[in-house]
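Residue-level structural notes
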Amino acid sequence: KPLTDILQNIEGFIGYSENNFPKLHKGKSRSLILTELEDRLKIDLDYSSGKVLGAMTTPPHDFARYIYSKFIDRNLGDRGLNPGTAAIEKEVIEMLGNLLGDPYVDGNITSGGTEANIIAMLLAKQNNLDIKEPSIVIPDSAHYSFDKAAILMGLKVKRAKLLSNYHLDFDHYESLIDDNTIALVGILGTSALGLIDPIEKIGKLAGKYNKYFHVDAAFGGLVVPFMEELGYDFPPYNLKVPEICSYTVDPHKMGMSVNPSGSLLVKDSNVNSFKFEIPYLAGGAFPSYNILGTRPGASAISFWGLMQFMGKQGFVENVRHSLENTYYLKDQIEEIPELKIATEPTMNVLGIQMSSKANMSLDRFNSLLRQKGWALGVFKQWNLLRVVLMPHIKKSHLAEFLKDVKAIF
Ligand code: 0PR
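Where an unreviewed UniProt entry is consulted, the chain appears under the name Tyrosine decarboxylase MfnA, with the organism given as Promethearchaeum syntrophicum. In the Sequence similarities (unreviewed entry) part of its UniProt record, the chain is described as follows: "Belongs to the group II decarboxylase family. Sphingosine-1-phosphate lyase subfamily." Under the UniProt heading Cofactor (unreviewed entry), the note attached to the chain is "pyridoxal 5'-phosphate".

Listed below in structure tokens is the structure:
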């Protein structure tokens, strides 16, 4: 299909031919372009409306935005040319390591959880080059980035079942491990429900079978440590679990930082580290774990600045606000006979399902919500709608949402 046909079908598309670049001999004025952009981008959902209820992203903190635009020219792909930025990146990894139990951890800022998880699987593969038909064992709740990694590297994916409460069926997980397994994956904050896998127990399996162990804490890595500060108890989940080889944590989710910002922390004492190196760069060769070549230094710099600005207390307050909203919404949903919660929430993610009293499908319920502008995540395989109580969600948004929900039944 030609690109023009595809664009014509996008809602809000106005006249590609008018802007057709080859025909546009003379540039337009900034103000004309900005006016057009503001107008065309109006159809994108606005976080401040509270309608973005099902995404793991939130508007970046103002200070992070400011820093990002100020240092937007820094390229971590050539760290020799940007030694200041490289040092800041190293400090961000150290600070994340400190928060997660190991300040001596190695690692890099990535474009997000997907890049970090793909690199982790690549590290596992490089550590098991003798295995000819490599497979990975992941919980059925794992993010699609592991499937992407598997496609790229020709890995077989073995998905461990979930129990009826959507937690991992640990016995099934163990039964999938065999000689071809190159990596075990555990999740701190699943995409659908924010649940936590038994990280310490999977670690023990990794030790017993001598396997590479990766933890995907893209979401939970910047939630759970702050929940601990609020007095919540968790079984061991962080880098102190000795068998962990690598750990994904995303500043652009609950870290309130700019897109794109992820990170991969690597315990190089557990890994035969495989870093990419480009020898001819003007600034010299600085091997890193990244797949991206040119990569935004401003991502590292913004999160460094944001951590300094907010302090631990700032993140703790954000998490407290998100949890209060989670429990408020849970209580309210439980009062509506046609709905139920999928499972007890562990962090600020809530799954909503239809109860046996509802005479409506989940699909229909969701499309009625969409008509009213509410954007929730849909996980068809588990018959649930996901609400992520990100920092931009206010109680008043939830009250509006509940009013619309009640009007449906
Ligand atoms: N690991 C976990 C546990 C995730 O939930 C995600 C993404 C990733 C890894 C991958 O992270 P990146 O998207 O940074 O590569 N989870 C979000 C989700 O599934 C991604 C997202 C965010 C999707 C905002 C839509 C959206 O509007 O919800």
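So that's the structure; there's more coming.
Residues of helix α6 (residues 145-153) that are buried include every one of Ser145, Phe146 and Ala149, and no others. Each buried residue of α6 sits inside an arc of 100° when the element is viewed along its axis, so together they form one side. In this structure, the buried residues of α6 make contact with α5 (113-126), β2 (135-139), β3 (156-160) and β4 (181-187). One or two residues past the end of α6 sits Gly154, with phi positive at roughly 65°.

The geometry of helix α4 (residues 83-99) relative to helix α10 (residues 297-334) is characterised by a closest axis approach of 9 Å and an angle of 55° between their N-to-C directions. Looking at the two axes, α4 sits oblique to α10. For the element pair α4 and α10, the recorded crossing hand is left-handed. Listed contacts from α10 to Thr85, Ile88, Glu89, Glu91, Val92 and Met95 of α4 are Gly297, Ala300, Ile301, Phe303, Trp304 and Met307. When the residues that make up the contact of α4 with α10 are grouped by side-chain class, the tally is 8 nonpolar, 2 polar and 2 charged.

Right, let's talk about the sheet that holds strand β11 (residues 384-388) for a bit. Sheet architecture is open: 4 strands sit in the order β8-β9-β11-β10, paired in antiparallel fashion. At either margin of the open sheet sits one strand with a lone partner, and together these are β8 (339-341) and β10 (377-379). Recorded for the sheet is a direction-independent mean angle of 35° between the axes of neighbouring strands.

Here the UniProt-annotated "modified residue: N6-(pyridoxal phosphate)lysine" (unreviewed entry) positions come out as Lys253. Along the polypeptide, Lys253 turns up in the loop between β6 (246-248) and β7 (262-266). The class of Lys253 is buried, set by 27 C-beta atoms lying within 10 Å. The contact partners of Lys253, leaving out residues within four places of it in the chain, are Met56, Thr57, Ala218, Phe219 and Leu222.

With that settled, consider the sheet that holds β3. With mixed pairing, the 7 strands of this open sheet are ordered in space as β1-β7-β6-β5-β4-β2-β3. Of all the strands in the sheet, the pair left with one neighbour each is β1 (106-110) and β3. Taking each pair of neighbouring strands and ignoring which way they run, the sheet shows an average axis angle of 20°. Note: β4 against strand β5 (residues 212-216), 5 bridges, orientation parallel. From the neighbouring strand, Val185 faces β5, where its bridge partner is His214.

Criteria and thresholds
- Residues numbered from 1 in each chain as written.
- Predicted model: local features only at pLDDT ≥ 70, side-chain atom pairs only at ≥ 80, totals over all residues.
- UniProt positions renumbered as here; feature names shortened; annotations may be inferred.
- Buried ≥ 20, exposed ≤ 12 C-beta atoms within 10 Å, placed from the backbone.
- Helix = DSSP H or I, 4+ residues; strand = E, 2+ residues; numbered from the N terminus.
- Arc of directions from axis to C-beta.
- Contact = placed C-beta atoms within 7 Å.
- Axes fitted to C-alpha atoms, helices over the stretch in contact; angles between N-to-C directions.
- Parallel < 35°, antiparallel > 145°, perpendicular 65-115°, else oblique.
- Left-handed = near helix turned anticlockwise from the far one by under 90°.
- Nonpolar A, V, L, I, M, F, W, Y, C, P; charged D, E, K, R; others polar.
- Pairing = 2+ DSSP bridges.

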